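# Working through the structure, step by step
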Amino acid sequence: MTKIQKILFEYQDSKYGDFSAKLVPTLPRECFIGVRSPSYKEILRELASLPQEEIDQFKKSLPHQYHEENSLQIALINKIKDYDECVSQLELFLPYINSWAVSDGLNPPVLKKNKNKLLPKLKSWIKDEKPFTKRVGMLLLMKYFLDDDFKPEYLELPAKIRSDEYYVNMMTAWLFAEALVKQWDYALPFIQDKKLAPWTHNKAIQKACESLRISPEQKEYLKSLKVDLPVSKK
């Protein structure tokens, strides 16, 4: 067991591990130590006392054995203040992300401060074959580019995605639901013209209708745009 694994096990809560494993059904139970989210602040403080070489070695020792090691790596990436270093560390780690719980924890402030440099990276990640790299690209597009910096063309690339991966399709639906909330006039034509995959199309409508930021009239109209899904063969 590595020193960092020993630190993580100091914060183990087995019942929480059981709970976490149910939230991330794509990973077996033995991948979970059971570390609650607030504990990572204390863990990061402990890591600050370790030699930098040990931290660097941890970040390079991929793939990790435990889900919590992946969560810790995301927490370390979130703290990086230099844009180029942050992207470099993230791209090293992206191929090894194996759950939505890890990918969705990504939110480094330095990326938001360098959106113009980040945008080409997001486009390449969205095109990537690995499902959670795609998810990260769309997640950051949703977080950073649906407000003042929005351009309708940003929705074109995710709209073209056709995937068998549940967590890719859910992220696409989430992105378009948020786009309907924040950029209704530009996002609506993607729904009207059925530019999304059918399941994703309906899920985006469902998620948008769950929002309190969409009017009852908008919700009724969206519901009228749902499509029939192909009947699965048993």
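Structure: above.
Before going into details, it helps to say that this report is about the structure given with it.

What counts and how
Residues numbered from 1 in each chain as written. Predicted model: local features only at pLDDT ≥ 70, side-chain atom pairs only at ≥ 80, totals over all residues. Heavy atoms only, no water. Axes fitted to C-alpha atoms, helices over the stretch in contact; angles between N-to-C directions. Helix = DSSP H or I, 4+ residues; strand = E, 2+ residues; numbered from the N terminus. Parallel < 35°, antiparallel > 145°, perpendicular 65-115°, else oblique. Left-handed = near helix turned anticlockwise from the far one by under 90°. Contact = heavy atoms within 4.5 Å. Core = buried A, V, L, I, M, F, W, Y, C linked by side-chain atoms within 4.5 Å. Buried < 20%, exposed > 50% of the residue type's maximum accessible area, 1.4 Å probe, protein only. Phe/Tyr/Trp six-rings, centres within 6.5 Å; stacked < 30°, edge-to-face > 60°. Lys NZ or Arg CZ within 6 Å of the ring centre and 35° of its normal.

So, on to the packing of helix α14 (residues 198-209) against helix α15 (residues 216-223). Orientation of α14 relative to α15, taken along the N-to-C sense of each, is 165°, at an axis distance of 10 Å. What the angle tells us is that α14 and α15 run roughly antiparallel. α15 is crossed by α14, and the crossing has left-handed handedness. Across from Ile 205, Ala 208 and Cys 209 in α14, the residues of α15 making contact are Lys 219, Leu 222 and Lys 223.

Formed by 58 residues in total, the largest nonpolar core has its most connected members in Leu 111, Leu 180 and Leu 222. Contributing elements (two or more residues each) for this core: α5 (67-78), α6 (83-93), α8 (109-112), α9 (115-127), α10 (131-144), α12 (166-182), α13 (184-192) and α14. By residue number, the principal contributor to this core is α12, which donates 10 residues. Beyond its immediate sequence surroundings of up to four residues, Leu 222 is in contact with Leu 180, Trp 184, Leu 188, Ile 191, Ile 205, Ala 208, Cys 209 and Ile 214. If you look at the next biggest cluster of nonpolar residues, it comprises 16 residues, including Ile 4, Val 35, Tyr 40 and Ala 75.

This next bit is on the packing of aromatic side chains. One pair of aromatic rings is described through two measures. These are the centre distance and the angle between the planes. Here the structure, examined in full by the defined rule, presents nine aromatic pairs. With 5.9 Å between their ring centres and 40° between their planes, Tyr 16 and Phe 19 make a pair best called tilted. With Tyr 16 and Phe 19 both in helix α2 (residues 14-23) and three residues apart, the pair spans about one turn of that helix. Accessibility expressed as a relative area gives 17% for Tyr 16, which makes it buried. Residue Phe 19 is classed as partly exposed on the basis of its relative accessible area, which comes to 45%. Site record: aromatic cluster; members linked through ring pairs are Phe 132, Tyr 166, Tyr 167 and Trp 199. Directly above the ring of Phe 190 sits Lys 195, whose terminal nitrogen or CZ lies 4.8 Å from the centroid.

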